[in-house]
Amino acid sequence: MSEHQHADETDDESAATSEKLVELAKRRGYFFQSSGAYGGVGGFYTFGPQGASLKGNVEDAWRDRFAVAEGNMEIDAPTIMPEPVFEASGHLDGFDDMLVECPDCGESHRADHVVEDNTEYEDAESLPIPEVEEVIAEHQLVCPNCSAGLAGQAVEAFNLMFSTNIGPGDSQPGYLRPETAQGIFVEFPRLKEYARNQLPFGVTQIGRAYRNEISPRRSIIRTREFTQAELEYFVDPETDEPDLESVEDVEVTLYPATEQNAESAAQRAAEGSSGDDEEPREDGDEIRTTIGEAVEEGIITSPWVAYFLGVAKPWYEAVGVDMDRFRFRQHLSGERAHYAADCWDAEALIDGNEESKDSEQRKSTESSSGYWIEMAGFAYRGDYDLSKHAEHSGDRFTVFKQYDEPKTVERATVDPDMSYLGPEFGGDAQAVVQQLEDLASRDRAAFDGDTVEIDLAGETHELPVEKTGFSVEEQTEAGEHIVPHVVEPSFGVDRLVYTVLHHAYREDEVDGEERTFLELDPEVAPTFVGVFPLQNDEGLEAQADEIVDELRAEGLSVTYDDSGNIGRRYRRQDEVGTPFCVTVDYETIEDEETTVTVRERDTTDQKRLAVEGLAETLAEIREGGKEFDEL
């Protein structure tokens, strides 16, 4: 029954390569390409029994921390939305990737990826299309598929949204959402009522999003359908402040834009291409600090972004991300969305040697051992989203902010003489009224003379001030309507699942045999306990069935396995990351005290424990209240 502890220590265990992990994922039911019977479709993956369970556990852990613990509400919005939503959000006009098509094989590629994979450019996505075409020509870049030259091929903007029709025919165009955030923003007028019109408040959503990627790759890292877990946190920018004290001591590894720029300058200097006025620095390193120090030193400029970085870091560690391969990287100015005042990505280092360079990779001192992938973005979006939806929908995307005491203020108003404007401007009279109202609110001095100027269809008109009904009046106001600002932590669940598996992958040797196992955290492991009867025996099987029922009644995920010798059953559970195995043997049914062998996955240590209270003990271990070696 005994099993020797594995010979190799953790430091000597082999890390996963992407190839090994993808093979294990397919064989053990974590994830695999969809529609395999029909040849498969690029960018779409099915999560198998183990993967769906792991993914669900990760989502539950996210919900517990970012919705429940933070006191935020959760919604579930449709994945298809009408076209006007995306006109307002800017996705119809600006949600594009750069496409270049091979003249020989016809394969389409992301032009910025081709540039980044084969030149010194690290952020080709921020370059204008003509410049990308010039780089392709200058470096004589070729098709990654067939090696045909791409010089002279047109680079085009390709919108990533999947389009559809809502209802029969083409009656109403719609799109599959490219992010879950818009489902929150468009419902703000109702959601603020559920929050009793009190800022700050947060709304979370976990759901599918869709992007018609030009060249999906790296299994579930870049796909066309994926799951996001997003929080949109609405704040009053003048008065609301985060609880930084609660996270100020959280230690973080930061890669700010200043260090990335310094590294790029040093690299260009080494290649003889630095600018005349550029003094390259020799640093460009990641910075290890605390959240409090990073805010104090101005490394993180937004206190709200800093707060959520401080919340996210220990959460990532709790679900199994290796903190030695984790950092927060600040967006460079060229890649930051125009509405974002600041944005940081949570990145994980993925080990692997199958490619020497990849566009997912970010330069760092460790990049030679793998590549960095983005797992989440933390952005301060200002009032951009709510203002845009207010402008396009005509609905009110504001919150009424009541003053501590009523205020008496001066307000400039207009009450135009329509008997004059109507004959003078005809159908444009209402547009003139709107211009006069806007002018009065922003520049009352424009009404100081006898006439006031307005612009109509590019033509200037002068109106007698007396016909505008302009006046300045004192008004007593109890409050004002404000457009909240938005802080957005946006998590990619699929990439996190991949990272957790990759960072958990281990290889060692047990009893002279090579072993592969996943050192998954008990909180997220798909199966928590495997239960085995030692042999095919009615008495052993009956006792094993009883234990399975007790463990499941305690809320634990359990698998029952009576196939093959006990060593092979252990190996199967090790490979899917099951933390504990319970073996029912003849001592269990023959001894006066009913006991079983409980084996721990990582060390392969075994302990003899009583069946009575076993379910409660294992549940306590799963919740972190007890350690196996304390038993």
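Residues numbered from 1 in each chain as written. Predicted model: local features only at pLDDT ≥ 70, side-chain atom pairs only at ≥ 80, totals over all residues. Heavy atoms only, no water.

Quick word on the environment of Ser441
Move 1: Assignment of secondary structure puts Ser441 in helix 14 (residues 429-442).
Move 2: The spatial distance from the C-alpha of Ser441 to the C-alpha of Thr413 is 7.4 Å, given a sequence separation of 28 residues.
Move 3: Separated by 2.8 Å, the side chain of Ser441 and the backbone oxygen of Asp438 make a polar contact. (Helix = DSSP H or I, 4+ residues; strand = E, 2+ residues; numbered from the N terminus. Polar contact = N/O pair within 3.5 Å; in protein donor to acceptor, adjacent residues only side chain to side chain.)

Quick notes on the sheet that holds strand 9 (residues 172-176)
Where strands meet in a sheet, backbone hydrogen bonds hold them as pairs that are either parallel or antiparallel.
Move 1: With respect to topology, 3 strands assemble into an open sheet ordered 4-9-8, the strand pairing being antiparallel. With one partner strand each, in any of the chains shown, strand 4 (80-82) and strand 8 (163-166) form the two edges of the open sheet. Taking the axes of each pair of neighbouring strands and ignoring which way they run, one obtains an average angle of 45° across the sheet.
Move 2: Both strand 4 and strand 9 contribute to a ladder of 3 bridges, which runs antiparallel. Bridging across to strand 9, Pro82 finds its partner in Gly174. (Pairing = 2+ DSSP bridges. Axes fitted to C-alpha atoms, helices over the stretch in contact; angles between N-to-C directions.)

Side note on unusual backbone geometry
Move 1: With an omega dihedral of -5°, the bond running from Leu199 to Pro200 counts as a cis peptide bond.
Move 2: Residues other than glycine seldom take positive phi values, yet Asp511 does so here, at roughly 55°.
Move 3: Within the secondary structure, Asp511 is located in the loop between strand 22 (505-510) and strand 23 (513-518).
Move 4: Accessibility expressed as a relative area gives 43% for Asp511, which makes it partly exposed. (Buried < 20%, exposed > 50% of the residue type's maximum accessible area, 1.4 Å probe, protein only.)

Focus: the environment of Tyr30
Move 1: Relative to the assigned elements, Tyr30 resides in the loop between helix 1 (18-28) and strand 1 (31-33).
Move 2: For the pair Tyr30 and Tyr403, spaced 373 residues apart in sequence, the C-alpha separation works out to 55 Å.

Focus: the packing of aromatic side chains
Move 1: A complete count under the given rule lists 28 aromatic pairs for this structure.
Move 2: Relative to Phe491, the ring of Phe66 lies with its centre 5.0 Å away and its plane at 55°, an arrangement referred to as tilted. On the criterion of sequence distance, the pair formed by Phe66 in helix 2 (residues 49-68) and Phe491 in strand 21 (residues 485-492) is long-range, its members being 425 residues apart. Side by side, Phe66 and Phe491 carry an identical accessibility label, which is buried.
Move 3: Pairing Phe201 with Phe234 gives two aromatic rings, centres 5.2 Å apart and planes at 40°, and the pair type is tilted. One end of the pair, Phe201, is in strand 10 (residues 201-210); the other, Phe234, is in strand 11 (residues 225-235), with 33 residues separating them in the sequence. (Phe/Tyr/Trp six-rings, centres within 6.5 Å; stacked < 30°, edge-to-face > 60°.)

Remarks on the nonpolar core
The tendency in soluble globular proteins is for nonpolar side chains to be buried as a group.
Move 1: One finds Tyr30, Trp315, Tyr316, Phe378 and Phe491 to be the most contacted residues of the largest nonpolar core, which totals 66 residues.
Move 2: Element by element, the count of residues in this core is highest for helix 11 (residues 303-319), at 11 residues.
Move 3: Grouped together as the second largest cluster of nonpolar side chains are 23 residues, Val529, Ile547, Leu556 and Val596 included. (Core = buried A, V, L, I, M, F, W, Y, C linked by side-chain atoms within 4.5 Å.)

Points about the state of the cysteines
A covalent bond between the sulfur atoms of two cysteines is referred to as a disulfide.
Move 1: Inspection of the entire model under this criterion finds 0 disulfides.
Move 2: In this structure Cys102 is not part of a disulfide, and its nearest cysteine sulfur, from Cys146, lies 3.5 Å away. (Disulfide = S-S within 2.5 Å.)

Overview of the pattern of salt bridges
Move 1: Under the defined criterion, the tally for this structure stands at 37 salt bridges.
Move 2: For Asp60, the salt bridge goes to Arg63, with nearest N and O atoms at 3.1 Å. Taken together, the positions of Asp60 and Arg63, both in helix 2 and 3 residues apart, correspond to about one turn of that helix.
Move 3: Look at Asp60 and you get partly exposed, because its relative accessible area is 38%.
Move 4: Taking the shortest distance from any N to any O, the salt bridge between Arg327 and Glu347 comes out at 2.9 Å. Remark: Glu347 occurs in strand 15 (residues 342-351) and Arg327 occurs in strand 14 (residues 326-330); sequence separation between them is 20 residues.
Move 5: Residue Arg327 is classed as buried on the basis of its relative accessible area of 0%.
Move 6: Salt bridges here are not isolated pairs; linked through shared partners, they connect Asp97, Arg110, Asp112, Glu125, Glu213 and Arg222. (Salt bridge = Lys/Arg side-chain N within 4 Å of Asp/Glu carboxyl O.)

With respect to the pairing of strand 10
Move 1: Strand 10 sits mainly inside the fold: 9 of its 10 residues count as buried.
Move 2: The pairing of strand 3 (residues 73-74) with strand 10 spans 2 bridges and is classified as parallel. From the neighbouring strand, Glu74 faces strand 10, where its bridge partner is Thr204.
Move 3: Where strand 10 meets strand 11, 10 bridges bridge the pair, whose relative direction is antiparallel. Considered in strand 11, the bridge of Gly202 is made with Tyr233.

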